Number of protein chains: 2
Amino acid sequence: MAVSKKKVTLSDVAAVAGVSLSTASKALNGGGRISAVTRQRIEETALRLDFRPNGLAQSLALGRSRTVAVLSDRAESTFARPVIIGAATYLGQHEQAVLLYDARLRRRDDMAESIRSLNARRIDGVLVVGEGLHHRTRSVSAEFSVPVTYAFTLSDEPDDVMFVPDNHAIGRMAGEHLLALGRRRIAHVAAEADDLAAQLRLEGLREALSGAGVTLVHEVLHGSWTEAWGRTAAQRMLAERWDIDAVFGGNDHIARGVENVFAAAGVRVPQDVALVGVDNWEGLIIDQSARHLTTIDVGLIGMGEAAAAHLLGGEQAPGLHYQPPTLIVGETTG
Amino acid sequence: MAVSKKKVTLSDVAAVAGVSLSTASKALNGGGRISAVTRQRIEETALRLDFRPNGLAQSLALGRSRTVAVLSDRAESTFARPVIIGAATYLGQHEQAVLLYDARLRRRDDMAESIRSLNARRIDGVLVVGEGLHHRTRSVSAEFSVPVTYAFTLSDEPDDVMFVPDNHAIGRMAGEHLLALGRRRIAHVAAEADDLAAQLRLEGLREALSGAGVTLVHEVLHGSWTEAWGRTAAQRMLAERWDIDAVFGGNDHIARGVENVFAAAGVRVPQDVALVGVDNWEGLIIDQSARHLTTIDVGLIGMGEAAAAHLLGGEQAPGLHYQPPTLIVGETTG
DNA sequence: ATGCCACGCGAAAGCGTTTTCTCACGCCGC
DNA sequence: GCGGCGTGAGAAAACGCTTTCGCGTGGCAT
């Protein structure tokens, strides 16, 4: 590389091309009125000098920082992570940096300070990442003059832009998959009865089943999202000798708990009972064919991407945007 | 808010305080020679006017963008995610944005273009995030004039700054934990024999055991990192009637596979056989007390934080930095 | 009284773009 | 031959800050 270390600026290009600074700028930005021949000469010069405009100078002049703020409650939580990664990946592809403000939403005065700080940085947009639909996030949209989008949480302002999982579709997808396998005696082990996600998944499941004229066998077992609860529920099913050929676990933890107890009791999965979970807890790292538990991926990564895309997209479509889930077939419904 | 919408600039502050622009700047930055009384007057004025310096202007003047580039192979992979999140969290706390360039390391010309792009943005540092120690990453340190740090991968340039898991300590920790529980007949189900991480974990384990005058019962079972291999290994242990009271699974997948087969065979965990895995696959979302599998957290989040901290820290300490693991006790060694 | 130095402050030159406004010029129609 | 107009290009302001340098003032030593 015989390239000189000094950065080449637009002035350099202009000087070499024998034009003024402003002309060079206009030529390279496509704007302004420039004769075709001049423009081409400038473009060639820029190319030859290996000119790259200084991004900071552009930012200052344009008032845009090419940076998006991500506000999260707890970035390191298992569910927030993929959303943030998805968003950051998309944003990076579009030359947008991410400024992650974690846990600053909580205290009111911290928040005020953060907002001032972000505005001082001339942030281009704000992405609020939550931890599910348990409770609504206080809307911060009014605090910014740039677009604000909410992912994996509900804002308390209905006209905010929100991206959330489609729990209804998840339930429906589980039901349809089990039906397609010929299963008709389906049980559901769910989380707390007052959990919104659990309710929606149940609704979706019921809808799928009723579409085929099938109803859930026995009542829905409500507990928690844990593996321990899955085991407890499975023990009860065994003790009461439920006549079932499939179980939809509210999430993968529950499904694993069920499976373990079933396995210990000699119930064969999937031959005797097919099993579906939710969350894609095993992730996608291992060879897809080797995956064990059939599960439904909520689409958190895609949700982060979609939210980020929407943020950059210009047009802000208010209200709820549902992220379609994905079925990932494993051995438990082989 | 009766605050005028117009942004207040440093000139405004200077004018109101009755000083020049440069004096105001020096007063607020702590630098320069300013009388205490003048400085205080300016600071009060700034406070009263709610002045925040325009970050972009500062960046341009200082040549620092307060942005760090993160270069990854596959940001969405399960292992890269926590590293990136950890780094981003730490960086966000220090007002540094993250520009995530995913999968751009692969193709040589893409990479060249990315490097030019980052340099044009006046990036403050580069963090290369890999996917483990399987193969070395081509060093890009020479391409940047800013510090470059590697996390969760090895650079092919030994003097680069690298942050990696301490697989040796992981093995040792597993061994010590099992020994502390009084277990002496310990088996190890590992991944491929030529896998570096697997080798180091085995070494660490052996070291811990030999410290107590204990040796591994039977040979080490080498296979893969999968749950299926855990099951296969467990079946073999059962078939050959191994006399063991503990199993160290090379990772959580393996451990889960072992556990499932044991459970189905009536082997009680942890009464008959204690079980330890690696990776903290269950995450940390659920109530810690409720966690099932005893595991060793490799510390990927902490590694991301440490790498980011080192990057911002100024002093670059070349060579390998090992991330200490964490033992997370669950029911399988209760 | 004169020279020096330290101190406090301001003028001005960057940092590298974008963008508005103005100007020179040649061509056209009248 | 003259006013008008469209066209291409440059001058200069703006973006908002940091930093170097120089200048005036007062106190101190000579």
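None of the values given here were measured: they were computed from a predicted structure. Position labels on residues start from 1 in each chain and follow its written sequence. Lettering of chains starts at A and numbering of ligands starts at 1, both following the order in which they are written. Owing to the predicted nature of the model, reporting of local features is limited to residues with pLDDT of at least 70; listing and counting of side-chain atom pairs is limited to 80 or more, with chain, interface and lining totals taken over all residues. Excluded from the side-chain calculation are hydrogens and water; included are all heavy atoms of the structure.

## Section: the protein's contact with DNA strand C
To be near a molecule or strand, a residue needs just one of its heavy atoms within 4 Å of it. Among the 26 residues in the neighbourhood of DNA strand C, the closest are listed as L10 and S25 of chain A together with T23, K26 and T38 of chain B. Near the protein, within 4 Å, the atoms of DNA strand C are sugar or phosphate in 59% of cases. A run of H or I in DSSP counts as a helix once it spans at least four residues, and a run of E counts as a strand once it spans at least two, with each numbered from the N terminus. Going through the elements one at a time, α2 (21–29) and α4 (55–62) of chain A together with α2 (21–29) and α4 (55–62) of chain B are the ones with two or more residues in the surface near DNA strand C. Broken down by element, the residue count for the surface near DNA strand C peaks at 5 residues, all from α2 of chain A. Asp, Glu, Lys and Arg are counted as charged, while Ala, Val, Leu, Ile, Met, Phe, Trp, Tyr, Cys and Pro are counted as nonpolar; the rest, among them Gly, fall into the polar class. Per-class residue counts for the surface near DNA strand C are 11 nonpolar, 11 polar and 4 charged.

## Points about the interface of chain B and chain A
We call two residues in contact whenever any of their non-hydrogen atoms come within 4.5 Å of each other. Each partner contributes to the interface: chain B provides 62 residues, whereas chain A provides 62 residues. Across the chain B to chain A interface the summed buried area is about 5,400 Å²; carbon plus sulfur atoms make up 53%. It is R52, L56 and R121 of chain B in chain B that bury the most area against chain A; as a group they hold 13% of the surface buried on that side. Note on definitions: salt bridges are taken to be side-chain nitrogens of Lys or Arg within 4 Å of carboxyl oxygens of Asp or Glu. Connecting chain B to chain A are 10 salt bridges. The salt bridge partner of R104 of chain B is E95 of chain A, with a shortest N-O separation of 3.4 Å. Definition of a polar contact: a pair of N or O atoms within 3.5 Å, with one able to donate and the other able to accept a hydrogen when the atoms are protein atoms, and with sequence-neighbouring residues admitted only if both atoms are side-chain atoms. At the boundary of chain B and chain A, one finds 22 residue pairs in polar contact (both at pLDDT 80 or more). At 8 residues, helix α5 (residues 80–93) of chain B tops the list of elements feeding residues into the side of chain B that touches chain A. Summed over both partners, the accessible area lost on bringing two parts together, with a 1.4 Å probe, is the buried area.

## Remarks on the sheet that holds strand β8 (residues 186–190) of chain A
Residues and elements named next belong to chain A. Ordered in space as β9-β8-β10-β11-β12-β14, the 6 strands form an open sheet in which the pairing is mixed. Of all the strands in the sheet, just β9 (221–222) and β14 (326–328) have a single pairing partner and so form its edges. Pairing of β8 with strand β10 (residues 246–249), which is carried by 4 bridges, proceeds in the parallel orientation. Of the residues in β10, the one forming a bridge with I186 is A246. A fitted line through C-alpha atoms represents every axis, and for helices the fit uses only the stretch in contact; the resulting angles, taken between N-to-C directions, go from 0 to 180 degrees. Helix α8 (residues 196–211) contacts β8, β9, β10 and β11 (274–278) of the sheet and is inclined by roughly 170° relative to β8. Each of β8, β10, β11 and β12 (294–297) touches helix α10 (residues 252–264); the most contacted strand, β11, lies at about 155° to it. The rule for pairing is simple: two strands pair if DSSP sees at least two bridges between them.

## Things to note about the domain arrangement of chain A
Just so you know, the domain bounds were taken from an automatic or database domain assignment. Examined at the domain level, chain A breaks down into domain 1 (10–53), domain 2 (67–166 + 300–323) and domain 3 (167–297 + 327–333). For domain 1 of chain A and domain 3 of chain A, the distance between their C-alpha centres works out to 63 Å.

## Observations concerning the layout of surface pockets
In this structure, the largest pocket encloses a volume near 1,500 Å³. A cavity here means a set of 1 Å grid points, computed over protein atoms only, where a 1.4 Å probe fits but cannot escape. A pocket is an open set with protein on both sides within 12 Å along at least 5 of 7 lines, and lining residues have an atom within 4 Å of a point. Considering the residues around the largest pocket, the lining is formed by 40 residues, among which K7, D50 and R52 of chain A together with R116 and N119 of chain B are closest to the centre. Looking at the lining of the largest pocket, the elements with two or more residues in it are α1 (10–17), α2, α3 (36–49) and α4 of chain A together with α6 (108–120) of chain B. When residues in the lining of the largest pocket are grouped by element, the largest group, 7 residues, is from α6 of chain B. Among the residues forming the lining of the largest pocket, the class breakdown is 20 nonpolar, 9 polar and 11 charged. Grid points are joined across faces, edges and corners, and a volume is the space filled by probe spheres set on the points.

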